[in-house]
Amino acid sequence: MLENINYALFYVINATPDSAQWSLTLARMIADDLIKIVPLMAVALWLWGPREQLCAQRKLVIKVTLAMAVSLTVSWLIGALFPHERPFAAGVGYNFLMHKANNAFPSNHGTIAFTFALAFLFWHRLWSGAVLLVMACAIAWSRVYLGVHWPLDMLGGLLAAITGCLAAQMLWLMAGNAIYQRLQQLYRLCFSMPIRKGWVRD
C-alpha cells in the first residue's frame, strides 16, 4: 500500500525530458546549494549578533547541533535496517542529477533540512521556522523532481528530524547549561585572538 502511494507520488513529481530547462536548473540549485545555508547560518549565529541575544543564539546552535547528531544517527540506523534503492537504480522515472546508487531511505538532505527548520520552529521564532520549513520542502521537492529520491524518503527524513529535536530537548534539560558553559570556555580559548581584535563576539 505504502509502496504504491510512493510510486504514484513519485510519478506525479518527477521531471520528464519534456520538463522546462529552467525548472531543471532551478531544481539542481535547490537540491545541491540550498542546504549550505545550514552550516553558514549556524556559524553566523554563534559568532555574531546583538550582545543581548548572543547567549540565546549560541544555545540555539547547540540545540540544533544536538538535534542534527541524533536525527542523522536515526536516519543512518533506519537506512541500515530498511534499505531502499533510489528510483534510477530501480529503473523508475527519469534522473537529472548525478548521484551514487546508494541507499535512498531516509534522505540525508531531507533529514538535515527538516531538523534545521523544526529546530528554529521550536526554539527560535515562528516566522524563521516557517521560512526554513519552506526551504526544507523545496529541497525535498527538488530531489524527488530530479529523480534521486522517493517521496517517502523525505517523510523518513522528517520523522528522523522530529525524533532528533525531541531528543535534543531532553538532552538540553538534563545537561544543556553545562554543555553551553564548556563550549563557551572552549570557544574563548580557541578564538581569543579574533575576539580581542573585535572580529567576532566574545
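For the structure itself, look to the data block above.
Below: a short report on this structure. Please read these numbers as outputs of a predicted model, since none were measured by experiment.

Description of the packing of helix H4 (residues 51-81) against helix H5 (residues 108-123)
Item 1. With their axes 9 Å apart at the nearest point, H4 and H5 run at an angle of 145 degrees to one another. Two packed elements cross with a definite hand, and for H4 against H5 that hand is right-handed. Residues Leu60, Lys63, Val64, Ala67, Met68, Ser71, Leu72 and Ser75 of H4 form the contact with H5, whose own contacting residues are Asn108, Thr111, Ile112, Thr115, Phe116, Ala119, Phe120 and Trp123.
Item 2. Classifying every residue of the contact of H4 with H5 gives 10 nonpolar, five polar and one charged.

Let's talk about the nonpolar core
Item 1. Core analysis: the largest hydrophobic core is formed by 40 residues, its most contacted members being Val64, Phe116, Phe120 and Trp123.
Item 2. Among the elements of the structure, helix H3 (37-47), H4, H5, helix H6 (126-145) and helix H7 (151-190) are those that each provide at least two residues to this core.
Item 3. In terms of residue count, the dominant contributor to this core is H5 (eight residues).
Item 4. When residues no more than four places from it in sequence are discounted, the contact partners of Phe116 are Val38, Met41, Val64, Met68 and Leu132.
Item 5. Ala27, Ala31, Leu97 and Tyr145 belong to the second largest nonpolar core, which has nine residues in total.

Observations regarding the pattern of salt bridges
Item 1. The final tally for this structure, using the stated rule, is two salt bridges.
Item 2. In this structure, Arg188 engages Asp202 in a salt bridge whose closest nitrogen and oxygen atoms are separated by 3.0 Å. Pair noted here: Arg188 is in helix H7 and Asp202 is in the segment after helix H8 (192-197), with a separation of 14 residues, a long-range link.

Observations concerning H3
Item 1. Of all the residues in H3, the buried ones are Val38, Leu45, Trp46 and Leu47.
Item 2. Where the residues of H3 are buried, they touch H4, H5, H6 and H7.
Item 3. A positive phi of about 140 degrees marks Gly49, the residue just after H3.

Observations concerning the packing of H4 against H7
Packed helices, taken two at a time, are described by their axes: the angle between them and the distance between them.
Item 1. Between H4 and H7, the least distance of the axes is 7 Å, while the angle of their chain directions is 135 degrees. Taken together, the axes of H4 and H7 lie oblique to each other. H7 is crossed by H4, and the crossing has right-handed handedness.
Item 2. Taken together, the residues that form the contact of H4 with H7 break down as 17 nonpolar, seven polar and three charged.

Things to note about the environment of Gly157
Item 1. Assignment of secondary structure puts Gly157 in helix H7.
Item 2. Residue Gly157 is classed as buried on the basis of its relative accessible area, which comes to 0%.
Item 3. For the pair Gly157 and Ser107, spaced 50 residues apart in the sequence, the C-alpha separation amounts to 5.4 Å.
Item 4. Beyond its immediate chain neighbours, meaning those up to four positions away, Gly157 contacts Pro106, Ser107, Gly110, Thr111 and Phe114.

Brief notes about a nonpolar patch on the surface
Item 1. The grouping of Met1, Leu2, Ile5 and Leu9 at the surface amounts to a nonpolar patch, some 440 Å² of accessible area in total.
Item 2. By relative accessible area, Leu9 is classed as partly exposed at 42%.

Calculation notes
- Residues numbered from 1 in each chain as written.
- Predicted model: local features only at pLDDT ≥ 70, side-chain atom pairs only at ≥ 80, totals over all residues.
- Heavy atoms only, no water.
- Axes fitted to C-alpha atoms, helices over the stretch in contact; angles between N-to-C directions.
- Helix = DSSP H or I, 4+ residues; strand = E, 2+ residues; numbered from the N terminus.
- Left-handed = near helix turned anticlockwise from the far one by under 90°.
- Contact = heavy atoms within 4.5 Å.
- Nonpolar A, V, L, I, M, F, W, Y, C, P; charged D, E, K, R; others polar.
- Core = buried A, V, L, I, M, F, W, Y, C linked by side-chain atoms within 4.5 Å.
- Buried < 20%, exposed > 50% of the residue type's maximum accessible area, 1.4 Å probe, protein only.
- Salt bridge = Lys/Arg side-chain N within 4 Å of Asp/Glu carboxyl O.
- Parallel < 35°, antiparallel > 145°, perpendicular 65-115°, else oblique.
- Patch = residues over 30% accessible without salt bridge, like charges linked within 9 Å, V, L, I, M, F, W, Y side chains within 5 Å.
- Areas by Shrake-Rupley, 256 points an atom, 1.4 Å probe, with all protein chains shown as cover.

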